[in-house]
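Breakdown of the fold
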Amino acid sequence: MPDPNDPIPPNDPQDSTPSFDQSGGFSAGPRLAPPRREAAPPPRKKPGTPKPKSKRGPVARAFGGLVTAFYSLVFLVIIAGLLGASGVFLYFSASLPSIDALKDYKPPLESRIYTSNFQLLAEVGAQHSIYVTYDQIPPMVGQAFISAEDRLFWVEPGVNPLAMVRAAITDISLVGSGRRPIGASTITQQVVKNMVLDNHITFATKIKEAMLAMRVSQVMNKQQVLTLYLNEVDLGHNSFGIAAAAQTYFNKPLSQIDIAQAATLASLPKAPTNYDPFLHPADALQRRNFVIGRMRADGAIFQDQADAAMAEPLLPRAVVNTKSVLNGGYYADAVKAQLLQQFGQNAVNYGGMVVHTSLDPALQAAATDAVRDGLEQYDRKYDGWHGLVAKIADPDLADNWAQDLAKQKTPPGMRRDWQLGVVLSTKGIAARIGTLDFTTGNAVTGGLPVGNMSWARPVVSGGLGARPGTPGDVLHIGDVIMVSGAGEKLALEQIPNLQGALISMDPNTGRVLAMVGGWGHDVSPFNRVTQAQRQPGSSVKPLVYLTALEQGVQPDAPVLDGPFVQVLSDGTVYRPGNYENSFEGPVPLFHALEQSLNLATLHLARQIGLPNIATTFQSFGIVNPMPPYYPSAIGAIDTTLWKMTNAYADIDEYGRQVTPTLIDSVTGPDGNVLYQAPGETCDNCSNNADPTQPPALETSGAQLADPDSVFQIIMMMKGVVQRGTGAPAVVGITQPVAGKTGTTNDFNDAWFIGFTPGIVTGCWIGFDTPTNLGKDETGGNVCGPIWNEYMKVALKDQPNLDWAAPQGMTVAQAPEPSGQMVSEAFKYNQTPGAQSQNSLLGGTDAAPADNGASPLNPDGAPGAPPAANPGAIDKSLGGLY
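Rules of the game
Residues numbered from 1 in each chain as written. Predicted model: local features only at pLDDT ≥ 70, side-chain atom pairs only at ≥ 80, totals over all residues. Heavy atoms only, no water. Pairing = 2+ DSSP bridges. Helix = DSSP H or I, 4+ residues; strand = E, 2+ residues; numbered from the N terminus. Phe/Tyr/Trp six-rings, centres within 6.5 Å; stacked < 30°, edge-to-face > 60°. Buried < 20%, exposed > 50% of the residue type's maximum accessible area, 1.4 Å probe, protein only. Lys NZ or Arg CZ within 6 Å of the ring centre and 35° of its normal. Axes fitted to C-alpha atoms, helices over the stretch in contact; angles between N-to-C directions. Disulfide = S-S within 2.5 Å. Core = buried A, V, L, I, M, F, W, Y, C linked by side-chain atoms within 4.5 Å. Contact = heavy atoms within 4.5 Å. pLDDT = per-residue confidence, 0-100. Parallel < 35°, antiparallel > 145°, perpendicular 65-115°, else oblique. Left-handed = near helix turned anticlockwise from the far one by under 90°. Nonpolar A, V, L, I, M, F, W, Y, C, P; charged D, E, K, R; others polar. Polar contact = N/O pair within 3.5 Å; in protein donor to acceptor, adjacent residues only side chain to side chain. Salt bridge = Lys/Arg side-chain N within 4 Å of Asp/Glu carboxyl O.

The next thing to look at is the pairing of strand E23 (residues 673–676). With 3 bridges joining them, strand E22 (residues 663–667) and E23 adopt antiparallel strand pairing. Bridge pairing in E23 links Ser 665 to Gln 676.

Next up, the structure:
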């Protein structure tokens with residue numbers, strides 16, 4: 001009894017059934033031949049015997065002449081046919097393309113993008129293909145295709161003459177019918193057709209195909225031809241080649257394909273759409289079983305193997321997205337854009353590049369959840385109920401609801417634990433909801449208590465109605481809704497209209513660890529981290545205060561928090577206000593930053609000069625050029641979350657320029673490194689280095705600001721989260737954090753960007769069309785909790801590292817206006833209180849030309865900037881809080 005694990009059984013010595021030779025080809029078993037019969041010798045003629053006279057009459061002689069003429073005619077026809085065939089051969093030979101490309105074949109491979117822990121993030125290419133060598137092709141898979149497509153593959157000279165004659169006779173009968181000619185293509189001919197000729201079938205192309213196939217058979221061995229074919233054959237769903245198809249249809253590697261699955265793949269070349277197991281399962285099953293029968297007839301499998309394979313359900317897995325990283329679409333898009341810019345479309349789509357990124361899947365999941373949780377919280381507070389998915393108008397809904405619900409398309413953007421449900425009843429204090437079980441698809445009913453939908457106030461004219469007292473206040477029978485939970489504790493859900501974004505990076509290397517560009521990439525691929533130009537509000541203020549510190553101003557120097565009036569050269573007056581519409585008078589510089597005081601910031605900007613602030617803004621990359629108006633100093637500019645977070649990373653690194661990177665490395669399919677992200681260098685890490693000395697790691701990047709001044713602004717930004725507007729962001733976080741909030745005019749944008757010595761994270765929240773978020777919806781209140789939720793995951797198990805003071809710096813106590821003593825940093829020539837009588841208290845100026853600002857409208861609202869600077873700003877009050 002042969003081993004059932006053998007892919008191909010051996011032949012019975014007495015059986016003439018051909019068997020598959022593992023070295024390539026079929027070998028025929030021995031046959032029994034009949035005994036050979038000896039021929040009798042002819043009779044000997046006696047010498048001198050006269051030649052007999054012919055006994056044929058005139059008719060016989062005439063008939064003999066006709067026979068001779070007939071054979072002569074046949075001979076002439078054969079000669080003419082040979083000459084004609086030679087002419088056809090010479091005619092088509094002159095226009096045949098070269099087959100050299102097949103000998104040096106480089107497959108068009110899609111590029112693959114991986115996360116930092118080697119999970120697949122995305123695939124990029126014109127077609128889904130995975131190249132495998134001949135040794136990587138399971139013999140059973142190769143045999144399935146040979147049995148289905150070309151049973152004489154191993155012995156034919158590239159063409160099958162008998163099959164060609166049979167097809168030619170059939171095709172002649174089809175002339176004028178308008179039907180496509182049938183093929184008799186061998187595997188070699190299919191390789192030629194797919195890779196050298198076009199796929200348009202005509203008599204001329206079939207002749208060329210046959211001629212080229214014979215040429216290919218002369219210069220390439222069968223293993224090479226089969227490898228080309230199995231890597232290039234179109235198997236549907238944009239999957240080319242057996243390895244890609246195994247992943248598409250069965251979500252498994254080629255090495256794990258069984259007999260039935262191999263036959264399923266082998267059934268597809270004949271007509272990938274007609275035998276698509278997803279679209280036409282009955283036809284696909286019939287074709288698969290036909291291939292299994294062919295494999296048994298060819299001696300490739302035993303009968304019991306064939307029976308078991310035919311009994312196996314077709315059951316292909318649904319075509320799934322093979323990305324193992326959920327919600328990585330925004331990151332993947334940004335990587336693709338960089339690859340296209342750096343390498344070009346052909347290299348990316350066909351070059352088979354292997355791209356390793358810095359994306360951390362765990363942090364990406366935490367970032368996505370944090371943004372969505374924050375958006376949901378806001379949506380339930382302000383936007384009421386707007387989550388109706390569809391309406392089922394079925395008079396027999398009570399009996400048909402499961403079938404009706406199964407027909408509903410899943411809306412993009414649903415969270416992993418949400419599902420669709422249909423309202424069956426709204427009586428009582430809990431609605432009855434019909435759902436389909438996640439795993440089995442079975443119909444299940446559950447309860448939606450009114451308490452789990454109390455936020456769903458109906459939208460009425462002029463705002464929101466009262467909170468629902470019963471389910472019927474919001475829901476109606478036949479409504480298709482989104483729910484979470486199970487059993488009698490379902491909860492009503494909806495996708496918010498509000499949008500948000502978050503980016504997190506390692507400030508030391510610039511490696512981007514997580515990026516969320518909106519609620520969901522499938523809802524909107526617009527990346528609000530890199531593409532949305534929004535006003536950053538007060539989040540720019542650290543750079544304003546850094547400019548002052550670089551000029552020698554101390555953190556405790558007083559600055560005036562009082563009315564700011566700027567008379568412009570055209571006579572208009574710029575007079576902004578604080579968020580609280582109050583004034584504190586002279587306050588320490590660090591206090592003005594902690595409380596995000598607009599007027600104090602403008603007085604400071606007047607003293608240190610807008611040109612100097614512009615230089616800092618431009619050096620740190622948030623805007624270039626900065627509009628030369630005072631509102632720019634409090635955030636009335638357009639920039640992106642990417643740029644702002646990058647600037648904070650520069651601060652985190654004591655003013656060293658940090659270049660954000662998405663890609664760690666790119667290698668070609670041959671393993672050659674095509675790109676390596678710039679990173680740390682080590683001057684004493686060579687083999688002959690002193691083993692007693694620690695590695696001297698150095699990072700690249702220009703020095704944008706004085707490290708001493710940057711350390712001072714870091715200390716001031718720690719105060720923002722400890723005592724100021726950023727306090728909601730650090731609730732429950734024990735590690736040292738520095739950061740700054742940002743809220744723009746009319747509460748259109750909410751920001752919080754914060755950092756520790758090892759990670760910097762930025763958050764933005766707002767509507768795509770700038771809209772008021774609501775009173776008191778500041779950066780600290782809206783973005784702070786989102787930042788907090790994410791950073792608790794990012795900082796878990798991380799040590800409590802603090803920023804080290806540069807040499808010569810001291811950390812000393814300075815008084816808050818309340819009298820509380822706080823820690824601030826002072827340079828070697830500074831002492832607390834030494835600048836208590838400096839000139840930062842400001843006043844009213846007649847503005848020179850470079851101090852322009854938006855004029856006020858008659859109602860006191862900010863107007864447009866001067867015509868000489870179109871598009872510079874559109875709001876005079878940039879930062880609020």
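We now examine the packing of aromatic side chains. Enumeration over the complete set of coordinates arrives at 13 aromatic pairs. A ring pair is formed by Phe 153 and Trp 154, whose centres lie 5.0 Å apart and whose planes are at 70°; its orientation type is edge-to-face. Here Trp 154 falls in the buried class, since its relative accessible area comes to 9%. The rings of Tyr 378, Tyr 382 and Phe 767 are connected pair by pair, giving a single aromatic cluster. The ring of Phe 153 is capped by Lys 222, whose NZ or CZ atom sits 4.8 Å from the centre of that ring. Directly above the aromatic system of Tyr 275 lies the positively charged group of Arg 287, at a separation of 5.8 Å from the ring centroid.

Turning next to the sheet that holds E22. Remark on secondary structure: sheet strands pair via backbone hydrogen bonds, oriented parallel or antiparallel. Strands sit in the order E4-E3-E7-E22-E23 across an open sheet of 5 strands; the sheet is mixed. Two strands bound the open sheet, and with one partner strand each, they are strand E4 (120–124) and E23. For this sheet the average axis-to-axis angle between neighbouring strands, irrespective of direction, equals 15°. Sheet topology note: the strand E3 (residues 111–114)/strand E7 (residues 354–357) ladder contains 3 bridges and is parallel. Among the inter-strand pairings, Arg 112 is bridged to a residue of E7, identified as Val 354.

Glancing now at the state of the cysteines. Scanning all chains against the criterion turns up 1 disulfide. Two residues share a disulfide in this structure: Cys 763 and Cys 783, whose sulfurs sit 2.2 Å from each other. The S-S bond linking Cys 763 to Cys 783 shows a torsion near -80°; that makes this disulfide left-handed. Of this pair, Cys 763 sits in strand E28 (residues 760–766) while Cys 783 sits in helix H23 (residues 779–794), and the two are 20 residues apart along the sequence. Of the two residues examined, Cys 763 and Cys 783, each falls in the buried class.

What follows deals with the nonpolar core. Phe 617 and Ile 713 are the most contacted members of the largest nonpolar core, which totals 91 residues. If we skip the residues at most four places from it in the chain, Ile 713 touches Pro 542, Tyr 545, Leu 546, Leu 549, Leu 593 and Ile 651. Of all hydrophobic cores here, the second largest spans 51 residues; its members include Met 220, Leu 226, Leu 268 and Ala 306.

Another point: the environment of Leu 475. With respect to the helices and strands, the residue Leu 475 is situated in the loop between strand E13 (463–464) and strand E14 (479–484). Relative accessible area serves as the criterion here: at 1%, Leu 475 is assigned to the buried category. Sequence separation between Leu 475 and Ala 431 is 44 residues, and the spatial gap between their C-alpha atoms is 8.3 Å.

Take the confidence of the model for the protein next. Per-residue pLDDT for the protein has a mean of 83; in total, 76% of the residues score no lower than 70. Taken as a whole, residues 1–39 scores under 50 in pLDDT and shows 55 contacts with residues more than four places along the chain or in a different chain. Throughout residues 87–92 the model reports pLDDT below 50, and contacts reaching past four residues in sequence, or to other chains, amount to 6 contacts.

It is worth spelling out the packing of helix H16 (residues 541–550) against helix H22 (residues 707–723) at this point. At their nearest, the axes of H16 and H22 sit 9 Å apart, and the two run at 135° to each other. With respect to H22, the element H16 is oriented oblique. Along this stretch, H16 crosses H22, giving a crossing that reads as right-handed. Touching Pro 542, Tyr 545, Leu 546, Leu 549 and Glu 550 of H16 are Ser 709, Val 710, Gln 712, Ile 713, Met 716 and Met 717, all from H22. For the contact of H16 with H22, the per-class residue count stands at 8 nonpolar, 2 polar and 1 charged.

This paragraph deals with the environment of Asp 276. Inspection of the secondary structure puts Asp 276 in the loop between helix H9 (259–266) and helix H10 (281–297). Asp 276 gets classed as buried once you look at its relative accessible area, which sits at 4%. In sequence terms Asp 276 and Tyr 249 are 27 residues apart; their C-alpha atoms lie 9.6 Å from each other. Among residues more than four places away in sequence, those in contact with Asp 276 are His 237, Tyr 249, Leu 268, Pro 281 and Ala 284. Among the polar contacts listed, one links the side chain of Asp 276 to the side chain of His 237, at a separation of 2.8 Å. A polar contact is formed between the side chain of Asp 276 and the backbone nitrogen of Phe 278, at a distance of 2.8 Å.

What follows deals with unusual backbone geometry. Cis peptide bonds are those with omega within 30 degrees of zero, and the linkage from Asn 624 to Pro 625 qualifies with 0°. Considering the arrangement of structural elements, one finds Pro 625 in the loop between helix H19 (610–619) and helix H20 (630–633). The phi dihedral of Phe 118 is positive, around 70°, even though this residue is not glycine. Inspection of the secondary structure puts Phe 118 in the loop between E3 and E4. With a phi angle near 60°, Tyr 654 is a residue other than glycine that sits in the positive phi range.

The next thing to look at is the side chain of Gln 419. Considering the arrangement of structural elements, one finds Gln 419 in strand E9 (residues 418–425). For Gln 419, a relative accessible area of 10% translates into the label buried. When neighbours within four sequence positions are excluded, Gln 419 is seen to be in contact with Met 414, Thr 435, Leu 436, Phe 438, Ile 481, Met 482, Val 483 and Gly 485.

Next up on the list: the sheet that holds E28. Strand order in this open sheet of 5 strands is E17-E16-E28-E27-E26, and the pairing throughout is antiparallel. Pairing within the sheet leaves two strands with one partner each, and these edge strands are strand E17 (512–516) and strand E26 (738–743). Each strand axis lies, on average, 5° off the axis of its neighbour in the sheet, ignoring direction. Against the sheet, helix H14 (residues 361–382) contacts strand E16 (499–505), E17 and E28, and its axis sits at roughly 30° relative to E17. Most of the contacts of H23 go to strand E27 (residues 749–755), to which it runs at about 40°, and overall it touches E16, E17, E26, E27 and E28.

Turning to the pattern of salt bridges, a few remarks are in order. By the definition in use, this model includes 24 salt bridges. Linking Asp 749 and Arg 534 is a salt bridge whose minimum nitrogen-to-oxygen distance equals 2.7 Å. Taken as a pair, Asp 749 in strand E27 and Arg 534 in the loop between E17 and H16 lie far apart in primary sequence, 215 residues in all. The residues Asp 749 and Arg 534 share a single accessibility class, namely buried. Between Asp 802 and Lys 718 there is a salt bridge; the shortest N-O distance is 3.1 Å.

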